[in-house]
Amino acid sequence: MKISIITAFYRGNRYMEQYVKCIQENQKNMKSQDELEVILVNDSPEEEIQLPEWALALPIRVCPQEKNGGIHSARVRGLEECQGEYVMFLDQDDLLEGDAIAKHIARITEWRENLAGVNTGGSSVLGTGLGDLIMNPVSVSNVKLEQKDGSALLWYRSQFHKKKVGDYKTYLKVGVQIISPGQCLVPRILVPKLWRTKICKSNGSDDYYLWLLLLARRVPFLLVDEPLYIHKYTGENLSADTKNTDASTYEFLEYLQQDEFVSKKDVELLRRMTQYKDRFRRGNAGEKMISTIKNIDIFLPNFIFKLRSKTPYGFNR
């Protein structure tokens, strides 16, 4: 199996040493029949990517952007350039365990072997056969969340939360259940055209947009129940900035209205959830109460989710 790691580079030379060591370790732990390629999309044209000399032998290709287009644009550019059966969108400042790619491949292979001989029929989704949907799952690993003090928390901490990895309704009522696309291998053939053509200019939620499109198409999401992805604490993590992520979400909500698999009802539910949580974060006690009463159908699933998932973040995550 050929795997493409796509990384949007933005003024990230300080991360290059740890990044290429991570790539080298993963390549070393892959089976001989598997192949790795790395696409570094330079989204900061004013700064040249500086790879260590010893890393020149690694399968890393640099693709320059003429101008800064944002992380979604850079990821799509990498998708256009890559040749892998599966892709991973790995951030420049995050890391993988040395055997992460090998374990993702093993999980996908196990899934396919278990389904060998199953009659998948002739149904299709946008020209993609039902067999392609079933045989090309998204593989999702658990995550180590590095904290400011250097400690680490596990992301999926309960069986309840692990079962929500691929639950479409949870993504609509509670929020995205994947910390970063760096914890996922995604089948390149199934990345929807809408995600490749309707690009978010605001950074922060293009991956949420991708998961919703895939889940609406009933693509299976598998869990590798090991923390193979390490979300590094840098003090600059975009995912922690709700202002940015909300702006990006509102942007892709407009695009989702053009998708035939995401209903208008689902789009409005997601919009209402995003607005409610924004008001909850910013409001005083009275405003929080009024907003919650108006959105009790969203509050209750979130309250239950918080209790049962044991996630390290609060209700307004």
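Scroll up a little and you will see the structure.
Treat the numbers as computed from the prediction; the structure is a model and nothing was measured.

K.L.:
Could you give an account of the packing of aromatic side chains, naming the residues involved and the relevant values?
P.N.:
Under the definition given, this model contains nine aromatic pairs. Note on W155 and Y156: the rings are 6.1 Å apart at their centroids and 55° apart in plane angle, and the pair reads as tilted. Arranged with centres 5.7 Å apart and planes meeting at 25°, the rings of F299 and F303 form a pair that is stacked. Of this pair, F299 and F303 both sit in helix 12 (residues 296–309), separated by four residues, roughly a single helical turn. A residue is classified by how much of its surface remains accessible, and F303, at 42% relative accessible area, is partly exposed. Among the aromatic residues, those joined into a cluster by ring pairs are Y208, Y209, F252 and Y255. Of note, K288 hangs over the ring of F280, and the distance from its end group to the ring centre comes to 5.2 Å.

K.L.:
Give a description of helix 2 (residues 71–81) that names residues and reports values.
P.N.:
Where helix 2 is concerned, the buried positions are I71, H72, A74, R75, V76, G78 and L79. Looking at the packing, one finds that the buried side of helix 2 touches strand 1 (2–9), strand 2 (35–42), strand 4 (86–89), helix 7 (193–197) and helix 8 (206–216).

K.L.:
A description of the nonpolar core should follow, citing residues and the corresponding values.
P.N.:
Grouped together as the largest cluster of nonpolar side chains are 87 residues, with contacts concentrated most on I5 and L256. It is helix 8 that provides the largest number of residues to this core, a total of nine residues. Apart from residues lying up to four places away in sequence, L256 is in contact with L194, Y209, L212, L213, V262, V267 and L270.

What counts, and at which threshold
- Residues numbered from 1 in each chain as written.
- Predicted model: local features only at pLDDT ≥ 70, side-chain atom pairs only at ≥ 80, totals over all residues.
- Heavy atoms only, no water.
- Phe/Tyr/Trp six-rings, centres within 6.5 Å; stacked < 30°, edge-to-face > 60°.
- Helix = DSSP H or I, 4+ residues; strand = E, 2+ residues; numbered from the N terminus.
- Buried < 20%, exposed > 50% of the residue type's maximum accessible area, 1.4 Å probe, protein only.
- Lys NZ or Arg CZ within 6 Å of the ring centre and 35° of its normal.
- Contact = heavy atoms within 4.5 Å.
- Core = buried A, V, L, I, M, F, W, Y, C linked by side-chain atoms within 4.5 Å.

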